[in-house]
Protein chains: 2
Amino acid sequence: MSSDGQDMRGPVRLDSRDADFDARMDALLAWEGVSDANIQKSVDDIIHAVRHRGDDALVEFSRRFDRVSATSMSDLTLDVDRLAAAYRNLPEEQRQALDASAERIRAYHEHQRTEGWQYTEADGTVLGQKVTPLDSVGVYVPGGKAAYPSSVLMNVMPAHVAGVSELVMVVPTPDDEVNELVLAAAYVSGVTKVFAIGGAQAVAALAYGTETVPCVDKIVGPGNIYVATAKRAVFGQCGIDMIAGPSEILVVSDGGTDPDWLAMDLFSQAEHDELAQAIFISWDDAHIDAVEKSIYKQLPTMPRKQIISTSLGDRGALIKVADKEEAIQLINRIAPEHLELSVGDPDEWLGSIRHAGAIFMGRYTAEALGDYCAGPNHVLPTSGTARFSSPLSVYDFQKRSSIIKCSAEGADKLGRIASVMAHGESLTAHARSAENRLKR
Amino acid sequence: MSSDGQDMRGPVRLDSRDADFDARMDALLAWEGVSDANIQKSVDDIIHAVRHRGDDALVEFSRRFDRVSATSMSDLTLDVDRLAAAYRNLPEEQRQALDASAERIRAYHEHQRTEGWQYTEADGTVLGQKVTPLDSVGVYVPGGKAAYPSSVLMNVMPAHVAGVSELVMVVPTPDDEVNELVLAAAYVSGVTKVFAIGGAQAVAALAYGTETVPCVDKIVGPGNIYVATAKRAVFGQCGIDMIAGPSEILVVSDGGTDPDWLAMDLFSQAEHDELAQAIFISWDDAHIDAVEKSIYKQLPTMPRKQIISTSLGDRGALIKVADKEEAIQLINRIAPEHLELSVGDPDEWLGSIRHAGAIFMGRYTAEALGDYCAGPNHVLPTSGTARFSSPLSVYDFQKRSSIIKCSAEGADKLGRIASVMAHGESLTAHARSAENRLKR
């Protein structure tokens, strides 16, 4: 279909009754994020340089890759006053929206804060777990076109609510271009230090520390393939969050939602980048026709129509299923990052949904609301990983220590069991260590 | 020191007042688990073969690497009846110890089971999180000398308590040797299927599935460098637990615990393997002397004296600190996997301990009790990773989905905020998707 002088492409149509439906679904969902050997080598070299040359390497790489004019790390360090100024200078409307989003995100995440617990057994032995926030966290924020203030809020706020005291942000400033909204978001969410560095060098600096950049206990936040490869490489030295694949949405409609709304919801995913995936499911053929028609109608009006067209054409789909039950099966097979249940009775569906990062229920709950200000985190498991992983949360910035305190009674009782088990494993020192505490 | 015709080596003595103390601590604690390129290549080849040739590759690798006589996967499949038989045939004493351990581990982990929650805002918007167990989990259990039934209990029970319905265990049987205690432990902890396979091929089978082995959502359990490398490689295809380094203990004494007990506690760690690390801290010089003397006295009596001697000689230390405060600083710097607070007032210490996998409090709480039957998990963060990670738990086998259900009111309020934020990020489809739901 041609429009606006451009070839606009839309999503493929699939039907669960097609003989090759399973294979086509597998192909549609296939995604393997791989770093080739060249990227791996570059990243290893960058990490090595930062570990051994510290600030000098950071400045050198920032000048080379980001074309900054800085000649020392002090030129690339932004203090809290600078962040506060960015916040104060925002247009009133943006400052209010930022405040409102931050406050809602904070309020939701407060529900996730957990406390330790202990219990005492009859013989006086105490068992429990202690919960402690991480000491320090580094947040990676991409620069350039993907510099999103909402991403700052979503990555920093859970750490802040968890009680992390040192919150370090890194954000590259290509060609010395600073994003004021990103700095303002850092201010609102409690960031304590910002360095204008990016790429694998920023990850290396956070993992190992330099003269200027403190090393942190965990690094979170999205980034390009160099950043992701560097995060994998430093994992163990410090913690990392998940390595995200392209963002995706699965919209399910019972036929009762305005097709123009649904098409725009699909666009809101597809406009992120060419690899983003938007899939629509319904059992109503006419409704699918209407959504498809709306896609081609609205697409030429979108500023990012090229990205949307590529995303929908390459990775999008409109899928006809037999009924609600088949829709639920398909949802659980896809395990989508974002699931929009644009149906009249979303609560009836909820119990059957086993795998989804975030569930947007009912016709009024546009996924975009969750991206900014509903409250729950927008950092979600992608590419089917919702089968085994969860949204970013306060839990990711707390850790637990087990507590065991045996009474003399308890040491006697447990020691007898441990001794038998240890001998069964031929671990004599384990057995004797336990037997030392038996009653004579 | 020579004894028993062998050269027995013990831990180095360090003093926090030494000029080079910091550097020596850094050297003592340094650990980087690296897979060399050859291992990486072998593992990649094995994974590729299993993905493409399935059962045939599994049988071939098991014959080659584990010298099994099996000619098909049915020879390498153990059903629940086989596990039950192993359990029934155990000596009474071992069966009782296994039951008691399993029951205590279950009871502790029941405290970790979490439920979802929701709350409703004034305008009717509902926010919350849904908690769901993983569908299926694979547990890797090493074969040969490191085949520990306690490891089966500790890895499987949290998944079982979480509600995981499919629990698949893999355990290699080198030279066709089956460990009956391991099978009995699998039975007691709720394993549903066992395959007698190991190495990178077992990890690949669990991650991708074969004709016989089902693919699972997460793989947990300890293994050698091939297993660890394979787990890293399949991460993303499925979840994995942490990659463990060598096991370690930090024992702190105020001078009031029997030096023979303390020496044996250090041995119980050191006997695991040559790379295990046992460190002792006190501010009482005479007490440190007594512990050192006891080490050399008891060491020749240990069946695993060679392993213990190497571990203590290469990686052990007896450290004199100035006082309790300095001991606490050192604990938090080391962030030990196991921390034994062999002191009279362990509760006074607890609030200051920020980083430790498990804390064993008081003179009666031998670390060995925690290895088997106290209740908390013995799979713990090693090599200082307690700074950012936690014991294996029920939480690792549940995942969360965020829930957002906007009322018409809520969609209007949130839509206005989201629209401003989205325009600030130049994401027009996001803005329009939100604006579609504003009140007219």
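What counts and what doesn't
Residues numbered from 1 in each chain as written. Chains lettered and ligands numbered in written order. Predicted model: local features only at pLDDT ≥ 70, side-chain atom pairs only at ≥ 80, totals over all residues. Heavy atoms only, no water. Salt bridge = Lys/Arg side-chain N within 4 Å of Asp/Glu carboxyl O. Helix = DSSP H or I, 4+ residues; strand = E, 2+ residues; numbered from the N terminus. Axes fitted to C-alpha atoms, helices over the stretch in contact; angles between N-to-C directions. Parallel < 35°, antiparallel > 145°, perpendicular 65-115°, else oblique. Left-handed = near helix turned anticlockwise from the far one by under 90°. Contact = heavy atoms within 4.5 Å. Nonpolar A, V, L, I, M, F, W, Y, C, P; charged D, E, K, R; others polar. Buried < 20%, exposed > 50% of the residue type's maximum accessible area, 1.4 Å probe, protein only. Pairing = 2+ DSSP bridges. Least-squares fit on C-alpha atoms with pLDDT ≥ 70 in both. Polar contact = N/O pair within 3.5 Å; in protein donor to acceptor, adjacent residues only side chain to side chain. Buried area = accessible area lost by both parts, 1.4 Å probe. Domains from an automatic or database assignment.

1. Looking at the pattern of salt bridges
Residue and element names in this part refer to chain A.
- Evaluation of the coordinates by the stated rule reveals 58 salt bridges over all chains.
- The closest approach of N and O atoms between R333 and D22, which form a salt bridge, is 2.7 Å. Of this pair, R333 sits in helix α13 (residues 324-334) while D22 sits in helix α1 (residues 21-29); the two residues are 311 residues apart in sequence, bridging distant segments of the chain.
- In this structure, a network of salt bridges that share partners links the residues R13, D285, D289 and E292.

2. Notes on the packing of helix α16 (residues 408-424) of chain A against helix α5 (residues 92-110) of chain B
- The interhelical angle for the contact between α16(A) and α5(B), taken along N-to-C directions, is 120°, at an axis separation of 9 Å. In terms of axis orientation, α16(A) runs oblique to α5(B). Once α16(A) is placed against α5(B), the crossing between them reads as left-handed. Contacts between α16(A) and α5(B) involve K413(A), L414(A), I417(A), V420(A), M421(A) and G424(A) on the former and, on the latter, E93(B), Q94(B), A97(B), L98(B), A100(B), S101(B) and R104(B).
- Split into classes, the residues belonging to the contact of α16(A) with α5(B) amount to seven nonpolar, three polar and three charged.

3. Looking at the pairing of strand β7 (residues 136-140) of chain A
Residue and element names in this part refer to chain A.
- The buried fraction of β7 amounts to five of the five residues, a majority that puts the element mostly inside the structure.
- Burial of the side chains of β7 extends over both faces: S136, G138 and Y140 are buried on one face and V137 and V139 on the other.
- Relative to strand β8 (residues 166-170), β7 is paired through five bridges, and the arrangement is parallel. Across the sheet, residue G138 finds its bridge partner in β8, namely V168.
- Examined bridge by bridge, β7 and strand β10 (residues 218-220) share three bridges and lie parallel to one another. Note that in β10 the partner of G138 across the bridge is I219.

4. Here we look at the side chain of H109(B)
Residues and elements named next belong to chain B.
- Residue position: H109 is located in helix α5.
- The buried category is assigned to H109, whose relative accessible area is 0%.
- The contacts of H109, once residues within four sequence positions are left out, are P158, V161, G375, P376, N377, L392, S393 and V394.

5. A short note on the sheet that holds strand β9 (residues 193-195) of chain B
All names here are of chain B.
- Taken in spatial order, the six strands line up as β4-β9-β8-β7-β10-β11 in an open sheet, and their pairing is mixed. A single partner strand is all that each edge strand has here, and the edge strands are β4 (77-78) and β11 (239-240).
- Two elements, β4 and β9, share two bridges in a ladder whose sense is antiparallel. Its bridge partner lying in β9, T77 is registered against F195.
- Sitting on the sheet, helix α8 (residues 199-208) is in contact with β7 (136-140), β8 (166-170) and β10 (218-220), with an inclination near 175° to β7.

6. What to know about the relation of the copies chain A and chain B
- Once turned by 180° and shifted 0.0 Å along the axis, chain A lies on chain B with an RMSD of 0.0 Å. When the rotation and shift are considered jointly, the pair of chain copies conforms to a two-fold rotation axis.
- A high fraction, 100%, of the interface residues of chain A reappear at the interface in chain B, so the copies pair face to face through one surface.

7. Digging into the side chain of T229(A)
All names here are of chain A.
- Following the sequence through the fold, T229 ends up in helix α9 (residues 225-234).
- With a relative accessible area of 2%, T229 lands in the buried category.
- There is a polar contact of 2.6 Å between the side chain of T229 and the backbone oxygen of I225.

8. Some points on the interface of chain A and chain B
- Residue-level contacts link 117 residues of chain A with 117 residues of chain B.
- Each partner contributes to the roughly 10400 Å² buried at the junction of chain A and chain B, and carbon and sulfur atoms together form 56% of this total.
- Counting every contact that joins chain A to chain B gives 12 salt bridges.
- Note that D347(B) is salt-bridged to K405(A), the shortest N-O span being 2.4 Å.
- Between the two partners, chain A and chain B, sit 73 residue pairs in polar contact (both at pLDDT 80 or more).
- Per-element tally for the side of chain A that touches chain B: the top contributor is α16(A), with 11 residues.
- Broken down by class, the residue content of the side of chain A that touches chain B amounts to 56 nonpolar, 35 polar and 26 charged.

9. Topic: the domain arrangement of chain A
All names here are of chain A.
- Domain boundaries assigned for chain A yield domain 1 (12-31 + 245-374), domain 2 (37-116 + 133-240) and domain 3 (406-435).
- For domain 1 versus domain 2, the distance between C-alpha centres works out to 32 Å.
- Facing seven residues of domain 1, the contacting portion of domain 2 comprises six residues.
- Approximately 560 Å² of surface area, both sides summed, lies buried where domain 1 meets domain 2, with 42% of it carried by carbon and sulfur atoms.
- A per-residue breakdown of the area domain 1 buries against domain 2 is headed by Y372, C373 and A374, which together make up 60% of the total.
- The interface formed by domain 1 and domain 2 includes two residue pairs in polar contact (both at pLDDT 80 or more).
- Its residues assigned to classes, the side of domain 1 that touches domain 2 comprises three nonpolar, two polar and two charged.

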